[in-house]
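Observations on chain architecture
Take a look at the letters that make up each chain.
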Amino acid sequence: MGQKKDLTGSEKSKIVRYLAEGCSSLKIAKLLKRDHRTIKRFIQNSQQGRKKRVEKPRRKITAHELRKVKRAAAKMPLATSLAIFQSCNITGVPKSTRCAILRDMAKVRKAERRPPLNKTHKLKRQDWAKKYLETDFSKVLWTDEMRVSLDGPDGWARGWIGKGQRAPVRLRRQQGGGGVLVWAGIIKDELVGPFRVEDGVKLNSQSYCQFLEDTFFKQWYRKKSASFKKNTIFMQDNAPSHASKYSTAWLARKGIKEEKLMTWPPCSPDLNPIENLWSIIKCEIYKEGKQYTSLNSVWEAVVAAARNVDGEQIKTLTESMDGRLLSVLAKKGGYIGR
């Protein structure tokens, strides 16, 4: 009979079964041909419950210290609980207590992603708002590109899971499994596109202009009347492929120049209403943490989601421009959100 060899999973299951049948530890040792002491040790360990956790008294903080913590939390956004309490010279407080105290006055949030705005940027945003304050924005074509990946943003895969249920498994791929670059435009209550940029094509000035020629101009713009083209203002942001001399000259040859080509302030995605359209589409295609297995499938999802965006939604976005301009002026060129 071996004593030192550990019991196997099968042997442990047999011991439990024999005990349920009323066998003694000595009889079980004979049946399994194992040392009696090994069997007894396993039975004793199994019968011992988990040791109760001894609750240590929590460190109490005074009302004065609590006010200091509140001021520190306001001055130090995104700081850890330890850093906040250390800045107040409050020591000896465990993490669980620190977090419990902070939950009454703060929330754990991620930093908002915004372009950096310096003084020059803010002045240019104000000048832009003043220039276009009396513009009829129903005649402005707002354009932009969006990249969609097979997996979507990580944070969008979160959601409530019922007790007793397992979280669904998500595929894990490098760089989100690849993605598709999409271009679209909105004007008044109409959606232009979306159009897909060919896979593997990097949008420089030449490829961007060729893309516009093959999609926007041939499939949409040339079908419009002369009066429509005369009054339409084309908007694009300051991406290098958009604002280059080559692209500007190419658009001018197409008749989009001077006042028909909107100047755009730097670092201003919050002023472009099509950014809100991208949010609507992404919420639809990635709802419930959905993932895709091919670039064609995610592109088809984008097309389907775009079709479900009705004219009233687009009109709400384009009609929001007057309010955005007033907000920029009120905030002296500051970021206005979306």
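Structural data are supplied above this passage.
A brief structural summary. (Residues numbered from 1 in each chain as written. Predicted model: local features only at pLDDT ≥ 70, side-chain atom pairs only at ≥ 80, totals over all residues. Heavy atoms only, no water.)

An α-helical turn contains 3.6 residues, so any two residues separated by three or four positions project in the same direction. Buried within helix 2 (residues 25-32) we find Ile28, Ala29 and Leu32. Buried residues along helix 2 cover an arc of 100° about the axis, so they all sit on one side. (Buried < 20%, exposed > 50% of the residue type's maximum accessible area, 1.4 Å probe, protein only. Helix = DSSP H or I, 4+ residues; strand = E, 2+ residues; numbered from the N terminus. Arc of directions from axis to C-beta.)

Attention shifts here to the environment of Trp264. On the secondary structure map, Trp264 appears in the loop between helix 11 (245-253) and helix 12 (274-285). Between the C-alpha atoms of Trp264 and Asn238, which are 26 residues apart in sequence, the distance is 6.7 Å. Setting aside anything within four residues of it in sequence, one finds Trp264 in contact with Trp128, Trp142, Met235, Gln236, Asp237, Asn238, Leu271 and Asn272. (Contact = heavy atoms within 4.5 Å.)

Okay, unusual backbone geometry next. Cis geometry is adopted by the peptide bond preceding Pro194, which originates at Gly193 and carries an omega value of 5°. Structurally, the position occupied by Pro194 is in strand 3 (residues 190-196). Here the phi dihedral of Lys33 falls at roughly 60°; this positive angle occurs in a residue that is not glycine. For Lys33, the position within the fold is in the loop between helix 2 and helix 3 (36-47). Of the residues examined, Lys33 reaches a relative accessible area of 64% and is grouped as exposed. Its identity is not glycine, yet Glu258 carries a phi of approximately 50°, on the positive side. Assignment of secondary structure puts Glu258 in the loop between helix 11 and helix 12.

With that settled, consider the pattern of salt bridges. Pairs can form between side chains of opposite charge whenever their charged atoms are close. Following the criterion strictly, the structure yields eight salt bridges and no others. Here Asp35 and Arg37 are joined by a salt bridge, their closest N and O atoms 3.1 Å apart. A residue is classified by how much of its surface remains accessible, and Asp35, at 12% relative accessible area, is buried. Given the relative accessible area of 49%, Arg37 is considered partly exposed. With a shortest N-O distance of 3.5 Å, Lys224 and Glu190 are connected by a salt bridge. Residue Lys224 is found in the loop between helix 8 (205-219) and helix 9 (226-231), and its partner Glu190 is found in strand 3; the two are separated by 34 residues along the sequence. For Glu190, a relative accessible area of 28% puts it in the partly exposed group. (Salt bridge = Lys/Arg side-chain N within 4 Å of Asp/Glu carboxyl O.)

Structurally, Lys260 can be placed in the loop between helix 11 and helix 12. Salt bridges are absent for the buried Lys260, whose nearest opposite-charge side chain, Glu258, sits at 9.9 Å. (Lys, Arg positive; Asp, Glu negative; His and termini not counted.)

On inspection of all chains with the given rule, the structure shows 15 aromatic pairs. Judged by centre distance (6.1 Å) and plane angle (20°), the rings of Trp183 and Phe195 are stacked. You can see Trp183 sitting in strand 2 (residues 179-187) and its partner Phe195 sitting in strand 3, a full 12 residues away along the chain. No difference in accessibility class separates Trp183 from Phe195, as the two residues are buried. Ring pairing ties together the aromatic residues Trp183, Phe195, Phe211, Phe216, Phe217, Trp220, Tyr221, Phe228, Phe234 and Trp250, which thus form one cluster. A cation sits over an aromatic face here: Arg17 above Tyr18, 5.5 Å from the ring centre. Sitting above the plane of the Phe217 ring, Lys254 keeps its charged end 5.1 Å from the centroid. (Phe/Tyr/Trp six-rings, centres within 6.5 Å; stacked < 30°, edge-to-face > 60°. Lys NZ or Arg CZ within 6 Å of the ring centre and 35° of its normal.)

Before going further, it helps to examine the nonpolar core. With 39 residues, the main nonpolar core has Trp128, Trp142, Val148, Met262, Ile281 and Ile285 as its most contacted residues. Within the residue set of this core, elements represented by two or more residues are helix 7 (119-131), strand 1 (140-149), strand 2, strand 4 (233-235), helix 12, helix 13 (295-307), helix 14 (311-318) and helix 15 (321-330). Here the element with the most residues in this core is helix 13; it accounts for seven residues. In contact with Met262, other than residues within four places in its own chain, are Trp128, Tyr132, Phe137, Val140, Trp142, Ile233, Phe234 and Met235. Counting residues in hydrophobic clusters, the runner-up holds 21 residues, among them Trp183, Ile187, Tyr208 and Leu212. (Core = buried A, V, L, I, M, F, W, Y, C linked by side-chain atoms within 4.5 Å.)

A separate point is a negative patch on the surface. Residues Asp189, Asp310, Glu312, Glu319 and Asp322 make up a contiguous surface patch of negative charge. Structurally, Asp322 is set in helix 15. (Patch = residues over 30% accessible without salt bridge, like charges linked within 9 Å, V, L, I, M, F, W, Y side chains within 5 Å. Areas by Shrake-Rupley, 256 points an atom, 1.4 Å probe, with all protein chains shown as cover. Charge placed at Lys NZ, Arg CZ, Asp CG, Glu CD.)

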